[in-house]
Every structure is written in structure tokens, then in C-alpha cells.
Amino acid sequence: MSKGRQPAFIRGMRDGIPIGLGYFAVAFSLGITARDCGFSALQGFVASITTYASAGQYIGFTLYAAEATLLQLIIMTIITNARYVLMGFALNQRLPEDTPMPRRLLAGLCITDEIFGITIAKQGYVEPTYSFGALIVSAPLWALGTALGITVGNILPAQIVSALSVALFGMFLAVIIPAARHDRIVALVVVCSFAASLASRYVPWTRTLSAGNRTILLTLILSSAAAVLFPVKNTILAKEGDAGEH
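Not measured: the values here are computed from a predicted model.

**Points about the overall build of the protein chain**
Part 1 of the argument: Helix and strand counts for the protein chain stand at 13 helices and zero strands.
Part 2 of the argument: Taking all 246 residues of the protein chain together, 36% fall into the buried category.
Part 3 of the argument: Pairs at least 24 residues apart make up 78% of the contacts formed inside the protein chain by residues separated by at least 6 positions.
Part 4 of the argument: With an accessible surface of roughly 14300 Å², the protein chain has 69% of that area assigned to carbon and sulfur atoms.

Shown next, in the form of C-alpha cells:
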């Protein structure tokens, strides 16, 4: 069976393997944080399999340890993960027009930074089962990594834990480099986003914002500027399998 004719769910599972491996490595450090906050391996596993949001979980663990109220926990989690709303808007436009609302909602539930990246990089419409496949492979590895981090993470030298965390950054590069190589505009926006992200940590009116809020602000500014300066022609999207993959 050719790559283009494989079911979207199978392609998602295949593309979710490297994401899951990166998650597994990074979740070790999250597991260490969870253990320091008093969570058991089982509790950490359940938290990760039902949340799979590193920044949101980190805040959740630390607020729990600080005996914060449930309302404080909910508000901080919403603020930290607000960028997923923007991703959901973008992904919703890439689903086939006849996709029913329940499947659209499930596709939104599958959104993580990395799964959104590999999904939005596809040409044409993308079946929601593609995201399902990627999540079903990567989420258990994220949860397992958290549980193992709680169990044995503190035993490992800090240098090894730090080295394992580099895997996720390599995965981010694997998502953006192919698209940047094929489109100069994308490459320019990527470079500008790196520069703006670095500058925002030192500019007086943005450095006081949380990392999540800075990400949302930069996403809105850069995407709006790119849309105005380099508009994409209004063409009819083809089905993912018909459009081909690169």
C-alpha cells in the first residue's frame, strides 16, 4: 500500500511514534517535579494520560503542592493553555467540510503543540482520524514517562535528565524545517518568530508576561502580519490523500 493510500489513522500512528519518544524523554523531568510535589507514580500517570500538557501539568503540580484553591488551579491552567484555542481555530479549517461536530470536538481534544505541527503541515484537508492516531501512540508514552520519572527520575544524574530533554527540541526542528525549506515565506516567519520570542523576554512591556501569554501575543501579531503581507490565494483544498505528502 502506498503512503498516500494508507488510512489516515495509520499515518497518524506512524507519525506519532517520534513524538511519543520525545514525550517519553521530556516527561522524566516532569515526573521529578510531580514527585517533589508529593504525587505517586499512579497519580502522575493518570494526570498525564488525561491532560498531556507539560506547562499545564507543571503548574498544576506546583499549585497543588502550594495548597492553591481549585479555582486558582482552573484559572492558571486555562491561561497557560490558551494557545490551544488558536490552534483549534486553525485546525478546524483544515478538517473536511462534512466532518460532524463530535469528531471536530475530538480532534480538538487531540491538540498538542507537536500533533498540531504535524497535522497543519499536511497539504489539503486532513481527516480527524490522523490526529487520533498520533495521540493514541504519543499520549501513553507521555504518561508512562511521567510515572517513571516519579519512580526513578531522582536517581538519575541531572546531566542525563537534561540530555533527554533535548529530544523534544529536535522534534520541533523536524516539524518546522521541511516546511521552511519548501516555502521562503514560512522560513522568514520562523526566523522572525525566533527573534521576536527572544526579544520579548527582555522588552519591558512583555518580559513581565508569562511564557504562555507571550506565545499567544506573538502568535497573533506574527500570523496577522504574515496574512496581511503574504496572503495565500483562496484555493479549494483537496483531500489529504489526493493532495500528496512531502
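Following the structure, the description resumes.
**Re a nonpolar patch on the surface**
Part 1 of the argument: The grouping of Leu42, Phe45, Val46, Ile49, Leu144, Leu148, Val152 and Ile155 at the surface amounts to a nonpolar patch, some 650 Å² of accessible area in total.
Part 2 of the argument: Listed by contribution, the elements that provide at least two residues to the nonpolar patch are helix H2 (41-51) and helix H8 (128-152).
Part 3 of the argument: The element contributing the most residues to the nonpolar patch is H2, with four residues.
Part 4 of the argument: Relative to the assigned elements, Leu144 resides in helix H8.

**Structural notes on the nonpolar core**
Part 1 of the argument: One finds Phe39, Phe61, Leu135 and Trp142 to be the most contacted residues of the largest nonpolar core, which totals 25 residues.
Part 2 of the argument: Sorting the residues of this core by element identifies helix H1 (8-36), helix H7 (113-120) and H8 as the ones contributing at least two each.
Part 3 of the argument: Ignoring any residue separated from it by four or fewer positions in sequence, one finds Phe61 in contact with Leu30, Ala34, Cys37, Phe39 and Ala47.
Part 4 of the argument: Core analysis: the next-biggest nonpolar cluster, separate from the first, contains five residues, Tyr84, Leu91, Ile111 and Phe116 among them.

**Notes on the pattern of salt bridges**
Part 1 of the argument: For the coordinates displayed, the defined rule picks out three salt bridges.
Part 2 of the argument: A salt bridge links Lys122 to Asp15; the shortest N-O distance between them is 3.4 Å. Of the two residues, Lys122 sits in the loop between H7 and H8 while Asp15 sits in helix H1, which places them 107 residues apart along the sequence. Per residue, the accessibility class of Lys122 equals that of Asp15, and both read buried.
Part 3 of the argument: Asp113 serves as the salt-bridge partner of Arg83, at 3.1 Å between the closest nitrogen and oxygen. In this pair, Arg83 is assigned in helix H5 (residues 83-92) and Asp113 in helix H7, connecting sequence segments 30 residues apart.
Part 4 of the argument: Residue Asp113 is classed as partly exposed on the basis of its relative accessible area of 22%.

**So, helix H3 (residues 54-65)**
Part 1 of the argument: Between its first and last C-alpha atoms H3 spans 17 Å; for 12 residues at 1.5 Å apiece the expected length is 16 Å, and the two agree.
Part 2 of the argument: Along H3, the positions that sit buried rather than exposed are Gly56, Gln57, Ile59, Gly60 and Phe61.
Part 3 of the argument: At its buried positions, H3 is contacted by H1, H2, helix H4 (70-80) and H8.
Part 4 of the argument: One or two residues past the end of H3 sits Glu67, with phi positive at roughly 60°.

**Some remarks on the packing of aromatic side chains**
Part 1 of the argument: The tally for this structure, following the rule as stated, stands at four aromatic pairs.
Part 2 of the argument: Centroid distance Phe24 to Phe28: 5.6 Å. Interplanar angle 80°. Geometry classified as edge-to-face. Here Phe24 pairs with Phe28, and both are found in helix H1, just four residues apart, close to one helical turn.
Part 3 of the argument: Residue classification places Phe28 among the buried residues on the basis of a relative accessible area of 9%.
Part 4 of the argument: Linked through ring pairs, Phe39, Phe61 and Tyr64 together constitute an aromatic cluster.

How each quantity is defined
- Along each chain, the written sequence defines residue order, and numbers are assigned to residues from 1.
- Thresholds applied to this predicted model are a pLDDT of at least 70 for local features of residues and 80 or more for the giving and counting of side-chain atom pairs; totals over whole chains, interfaces and linings are not thresholded and use all residues.
- Note: side-chain values were computed over all heavy atoms of the structure, leaving out hydrogens and water.
- Think of it this way: any DSSP run of H or I at least four residues long counts as a helix, any run of E at least two long counts as a strand, and we number them from the N terminus.
- Accessibility here uses a 1.4 Å probe with only protein chains present; expressed as a share of the type maximum, an area under 20% marks a residue as buried, one over 50% as exposed, and anything in between as partly exposed.
- It only takes one pair of heavy atoms within 4.5 Å for two residues to be counted as in contact.
- With residues, only the protein chains shown are counted as cover, and all accessible areas are computed by Shrake-Rupley using a 1.4 Å probe.
- Patch definition: residues with relative accessible area over 30% and no salt bridge; like charges joined within 9 Å; nonpolar side chains (Val, Leu, Ile, Met, Phe, Trp, Tyr) joined within 5 Å.
- We define a salt bridge as a contact between a side-chain nitrogen of Lys or Arg and a carboxyl oxygen of Asp or Glu at a distance within 4 Å.
- For the purposes of this section, nonpolar cores are sets of buried Ala, Val, Leu, Ile, Met, Phe, Trp, Tyr and Cys residues that join through side-chain atoms within 4.5 Å.
- Given a helix with a known number of residues, its expected span is that number minus one, times 1.5 Å.
- Pairing of aromatic side chains requires ring centres within 6.5 Å, counting the rings of Phe and Tyr and the six-membered ring of Trp. Pairs whose planes differ by under 30 degrees are stacked, by over 60 edge-to-face, and all others tilted.

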